[in-house]
Amino acid sequence: MGTLQNFSTRHPIWTVIILVLVVGLAWLVFAPWPPGLEQVLGRKRIFLNAILSGITLGALYFLVASGFTLVFGLMRNVNLAHGSLYLLGGYIGFGVVESTGYWLLAFPVVFVVVGVLGLLLQHQVFRRMEGEELRQTLVTIGLSIVLADLMLWYWGGQSYQVYSPDWLSGPMELPIISSLRSNGDPVYLTYPRVRLAILFAAIVIGLAMWYALNRSRLGMLIRAGVDDRDILAASGVHIQYVFLAVFGFGAGMAGIAGIVGGTFQSLSPGEDTRFLLASLVVVIVGGMGSIPGAAIGALIIGLAEQIGLVYAPTYSVVFTFLIMAVVLAFRPQGLLGAQR
Amino acid sequence: MVALTRPATIGADRSAAERLGSVTTGNALELRGVTKLFGALAAISDVTMSVRPGERRAVLGSNGAGKTTLFNCVTGDFLPTSGTIRLFGEDISNFPAHERIRRGLRRTYQISLLFGGMSVADNVYLACLGVSRGRFSLLRPRPSDPIIGRADELIEAVHLTRVRDTLVSSLSYGQQRQLEIALALAGAPRFILFDEPAAGLSPTERAELIDILTGLPDHIGYIIIEHDMDVALRVAESVTMMHNGRVFKEGTPEEIENDEEVQQLYLGGGHG
Amino acid sequence: MAQALPTTAPGRLTTALERIPAPVWVIAFLLLLMPAFANNFVLYQIFGWSFILGMIALSLMVLAGYGGMVSLAQMTVAALAGYVVAILGTSGVPQISLGWPWWIHIPLAILIATLFGTLVGALAVRTEGIYTIMITLAIAAAFFYFTRQNYVIFNGYTGFNNVIPPALFGVEWRQPVPFYYLTLGCATLSYLAVVWMARTPFGLALQGVRDNPRRMGALGFHVTAHRIFAYTFASVIAAVGGILLVWQSAQVVPGTAGIPQVIDILVVAVVGGLRRPIGPFIGALIYAVLSVFSSDILHAFGMSGERFKLVIGLGFLAFVLFSPDGVLGLWEKYKARRAASPDPLLGGGR
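Residues numbered from 1 in each chain as written. Chains lettered and ligands numbered in written order. Predicted model: local features only at pLDDT ≥ 70, side-chain atom pairs only at ≥ 80, totals over all residues. Heavy atoms only, no water.

### Some thoughts on the nonpolar core
What counts is decided by this rule: Residues belong to a common nonpolar core when they are buried Ala, Val, Leu, Ile, Met, Phe, Trp, Tyr or Cys residues joined through side-chain atoms within 4.5 Å. Exposed residues in this analysis have more than 50% of their type's maximum accessible area, buried residues have under 20%, and partly exposed residues fall in between, with area computed by a 1.4 Å probe over protein chains only. Numbered from the N terminus, helices here are DSSP runs of H or I no shorter than four residues, and strands are runs of E no shorter than two. Contacts: residue pairs with any heavy atoms within 4.5 Å of one another.
Within the largest apolar cluster, 198 residues are counted, with the highest numbers of intra-cluster contacts made by Met134(C), Leu137(C), Phe160(C), Trp247(C), Leu266(C) and Phe316(C). The element contributing the most residues to this core is helix α3 (residues 40–66) of chain C, with 18 residues. Residues in contact with Leu266(C), not counting those within four places in the same chain, are Leu138(A), Ile141(A), Leu60(C), Val70(C), Leu72(C) and Phe316(C). Residues Leu129(B), Ala151(B), Ile220(B) and Phe221(C) belong to the second largest nonpolar core, which totals 59 residues.

### A few points about the interface of chain B and chain C
Selection rule: Buried area, as used here, totals the accessible surface that two parts lose on assembly, with accessibility defined by a 1.4 Å probe and the loss added over both. A pairing counts as a salt bridge when a side-chain nitrogen of Lys or Arg comes within 4 Å of a carboxyl oxygen of Asp or Glu. Two N or O atoms count as a polar contact when they lie within 3.5 Å, although within protein this holds only if one can serve as hydrogen donor and the other as acceptor, and sequence-adjacent residues are included solely when both atoms are side-chain atoms.
The interface of chain B with chain C comprises 35 residues on the first partner and 35 residues on the second. Carbon and sulfur atoms make up 66% of the area that chain B and chain C hide from each other, which totals about 3100 Å². If you sort the residues of chain B by the area they bury against chain C, Phe136(B), Leu138(B) and Arg140(B) come out on top, with a joint share of 23%. A salt bridge links Arg215(C) to Glu180(B), with the nearest nitrogen and oxygen atoms 2.8 Å apart. Put simply, chain B and chain C have six residue pairs in polar contact (both at pLDDT 80 or more) between them. Among the elements of the structure, α3 (97–101), α4 (120–130) and α6 (173–185) of chain B are those that each provide at least two residues to the side of chain B that touches chain C. The element that contributes the greatest number of residues to the side of chain B that touches chain C is α4(B), accounting for six residues.

### So, the packing of helix α5 (residues 102–124) of chain C against helix α6 (residues 130–149) of chain C
Relative placement of two packed helices is described by the angle separating their axes and the distance separating the axes. Residue and element names in this part refer to chain C. Basically, it comes down to this: Each axis is a line fitted through C-alpha atoms, taken for helices only over the stretch in contact, and angles between the N-to-C directions span 0 to 180 degrees. In what follows, roughly perpendicular refers to angles from 65 to 115 degrees, roughly parallel to angles under 35, roughly antiparallel to angles over 145, and oblique to any angle outside these ranges. For any pair of crossing helices, the crossing counts as left-handed if the nearer helix is rotated counterclockwise from the farther one by less than a right angle, and right-handed if it is rotated clockwise. For this classification, the nonpolar set comprises Ala, Val, Leu, Ile, Met, Phe, Trp, Tyr, Cys and Pro, the charged set comprises Asp, Glu, Lys and Arg, and every other residue, Gly included, is treated as polar.
Two numbers describe how α5 lies on α6: the axes approach to 10 Å, and their chain directions differ by 140°. Comparing their axes, α6 and α5 come out oblique. Of the two possible hands of crossing, α5 and α6 adopt the one that is right-handed. Residues Phe116, Val120, Leu123 and Ala124 of α5 pack against Thr132, Ile135, Thr136, Ile139 and Phe143 of α6. Taken together, the residues of the contact of α5 with α6 break down into seven nonpolar, two polar and no charged.

### As for the sheet that holds strand β5 (residues 90–91) of chain B
Residue and element names in this part refer to chain B. Here is the rule we go by: Here a strand pair is declared whenever DSSP counts at least two bridges between the two strands.
On the basis of which strands lie adjacent, the open sheet formed by four strands has the order β2-β1-β4-β5 and antiparallel pairing. Of all the strands in the sheet, just β2 (41–51) and β5 have a single pairing partner and so form its edges. Where strand β1 (residues 29–38) meets strand β4 (residues 82–87), five bridges bridge the pair, whose relative direction is antiparallel. By the bridge assignment for β4, Thr35 is matched with Ser82.

### What about helix α4 (residues 44–75) of chain A?
All names here are of chain A. For clarity, the cut-off: A helix's residues, less one, multiplied by 1.5 Å, set its expected span. Fitting axes to the seven residues ending at a residue and to the seven starting there, one defines the bend at that residue as the angle between these axes.
The end-to-end C-alpha distance of α4 is 45 Å, a good match for the 46 Å that 32 residues give at a rise of 1.5 Å each. In the structure, α4 departs most strongly from a straight axis at Ala65, where the bend amounts to approximately 30°. Residue Arg76 follows α4 closely and has a positive phi angle near 55°.

### With respect to the interface of chain A and chain C
Often, the extent of an interface is quoted as the loss of accessible area upon association of its parts. On the chain C side, the residues contacting the 44 residues of chain A number 35 residues. When chain A packs against chain C, close to 3600 Å² is buried across both sides, 80% of that on carbon and sulfur atoms. Across the contact surface, chain A and chain C share zero salt bridges. Among the elements of the structure, α4, α7 (133–155), α12 (271–286) and α14 (316–330) of chain A are those that each provide at least two residues to the side of chain A that touches chain C. Here the side of chain A that touches chain C gets 15 residues from one element, more than from any other, and that element is α7(A). Split into classes, the residues belonging to the side of chain A that touches chain C amount to 33 nonpolar, five polar and six charged.

### A closer look at the packing of aromatic side chains
Here is the rule: Pairing of aromatic side chains here covers Phe, Tyr and the six-membered ring of Trp, requires ring centres within 6.5 Å, and sorts the geometry by plane angle: under 30 degrees stacked, over 60 edge-to-face, intermediate tilted.
Applying the stated criterion across every chain, the model contains 28 aromatic pairs over all chains. Ring centres 5.5 Å apart and planes at 90° place the aromatic pair Phe38(B) and Phe78(B) in the edge-to-face group. Taken together, the residues span a long stretch of sequence, with Phe38(B) in strand β1 and Phe78(B) in the loop between α2 (67–75) and β4 at a distance of 40 residues. Ring centres 6.2 Å apart and planes at 70° place the aromatic pair Tyr83(C) and Phe143(C) in the edge-to-face group. Taken as a pair, Tyr83(C) in helix α4 (residues 74–88) and Phe143(C) in helix α6 lie far apart in primary sequence, 60 residues in all. On the accessibility criterion, Phe143(C) (9% relative accessible area) is buried.

### Remarks on the pairing of strand β10 (residues 246–251) of chain B
Pairing of strand β9 (residues 238–243) of chain B with β10(B), which is carried by five bridges, proceeds in the antiparallel orientation. Within β10(B), the residue paired with Thr240(B) across the bridge is Glu250(B).

### A look at the sheet that holds strand β8 (residues 221–225) of chain B
All names here are of chain B. Taken in spatial order, the six strands of this open sheet run β6-β7-β8-β3-β9-β10, and their pairing is mixed. Each edge of the open sheet is held by one strand with a lone partner, namely β6 (105–107) and β10. Between one strand axis and the next, the sheet turns by 20° as a mean value, whatever way the strands run. With four bridges connecting them, strand β3 (residues 56–60) and β9 associate as parallel partners. The partner of Val59 across the bridge, within β9, is Thr240. Relative to the sheet, α6 contacts β6 and β7 (191–195), its axis offset from that of β7 by approximately 160°.

The structure is reproduced here in structure tokens:
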């Protein structure tokens, strides 16, 4: 936690502001609201729902963006077909759940199928144009156009919903007071079980990725590669294998996120660009190539979108964009991005 | 500020340069405790040195002594981690590169950073344009444009008139080095940093280079990084030795040449 | 890209005209006489549209080819100009449109869109290379979603219909022949402006910034300012193209600058070739022909007529993979191969 200490000594004012915000938010979430506040912000339940939706949406964004940022960080490849991999994963997941009835089974299947597609792309296409960042990016744009039309061809224009299994459906009571009854009994907040499960899974996956990157040998190599590719080449590691592994993993993650997104919301043409853009904004805000950055960026964007949707529906997109513009203006490398 | 350094061919704008020199008394270049860290590695640490206006200084030292890093910090190619840099009395430590250039600082690069896809004339034209008004002009320059005239004079000064319209990428190595120097002489330079201008040159080209350097007007001071002791000692009146990112010795060429430590370290004891 | 500055006495008009090569004269005459032998559909839907698409793609070419910055926000700049024309001028949504005369709303539209484009540039140049693509794409997306949600100014999902050019000089500018000449004129002017710009001090400096930003800083150039000004210049062209585009379809909706449309401009510019200002127009003509006749072409290959995007995507991929300099690159390769006639023993080789 040395970096945290560094931050607090270097930016005492920011530390205080962030602390106040966190404490204020915690109070808003846990304390019963006085009537005056309810007049300003509306019912507490609505506020809590916006926060929770923001956090869970952030979890989904994190799942999509983590693979994107990992691939970008290591290979400097802006994979603009990432959204297509997301949608493809969702469609395949839908197919698996429909035909077998096992929701959980969809995850390994999709991870492997989309991951292998990612391996093929890396091995057959991107390896041939190493170092040509712009060309790689253009290729991914071409791929996303082709994939989008192929998927439209096969799955058509209708929207699909992946059904969650029984053990995850229905609401769940949380130990958070949403309001007080007239007799003073607290009413606890309820929230869809599946969304909380997804949040939990995203946190676990995020921590696992962080742990793998910071503690395992492969992770150290990847991090070394993010900082300096020559180190990786000099360490005698077959850099192509590392690239393959990372690209495959990133693609697989996008596919899995597709199932989650399909359960959470729905799948239809156009969702690919939507989630590609979400990933872009998340990594621009959080810092390109950084997993914790993706987590923070996803949380901020998810919250901004949902809170905006509740309190200023016309301008919710503008909030997202403003956050991005402000970050770019003052910290072009992103909140947790390395100085370039 | 910016407007003070109007373009001119080498030395032609001497009065302007002298006027500036009289406004700012003291040293042309002054470094105080300049340190540049790359990660944990200190490329240069705590470098303090000062150069008088018009002084010609050689910086010697083995590879990795931090000479080029020093130049990069002075010209603003990157900012030093700590320390202050003053140019003619003005603190330029946090200025972007182009602001330093407009105050009369110039440099050449060790590995030629030229515009290979453009002609010699366009390269020098760009250099003259960079320190003049009209950088954003959307009017085409007429042949009578004074900047084109100055560019041609500079090309003449570094003996490249014959290849004026040749693409830079097809010039010989020696010609590219000469062009590097022409780019550094554009406008009204007051202080120039030469990064190994003689490296890889033939003996004839070296002689030409020495002519160009010693022929510079008196008010233009410079620092030259040079491996060839003979060249360095002929074009410099004072010498700074660097070792492992620190200033190791300073003195006149004779003092440095006869210093025992220097001989052991740098000349391998085989000189003199 | 050698941009030799003039060394000899300024070329008089006659000598300048003499220097134009014969094929250019032929193409110029063909374009001018086109209405004599092409039908209205070809004039309006193919050529009119190509000129407009070409102008917007040209603004991307200026940034990418001369400045080394691939911006995906140029279609957005164009659409904003179209929106301003609809909002300040007249449209089928009288409750929003202000109905100001053309000599106010057209210059204002260009001005506002140019300012917006400059602002986008100011944000985008804070980063480099592929970051620029990401950021401009995100900005384009934000604009799309914003116009779709905002009903007060942009009339949300429906946008504006019935946006038509003013009947200046008594001409119905949306009639095929006048519209053809209008777009041809604007396209020619923008093309010449770009050719001119490339050889001005600013253009030369911009190419210097593209090739070697560090050196440009060391020559006294404010690299960032040059990049931002390039966005300003390019945005003027995009804005004019945007106004024409809105007049051509008589409407402006969020989808005018949706993500597919934004990407299409990139496709057009890359397929045509990003190295020369003529490239985007070639790309636009190919794109327009393909999109108008796509269903016929696809049926000929036994496919459903809806797979236009697939053809475009595959074509784009093929160019990016095999000829990154687009059609112009292919043409130059062909010329080079003909010039260096292949050795009969060793064959053509690579």
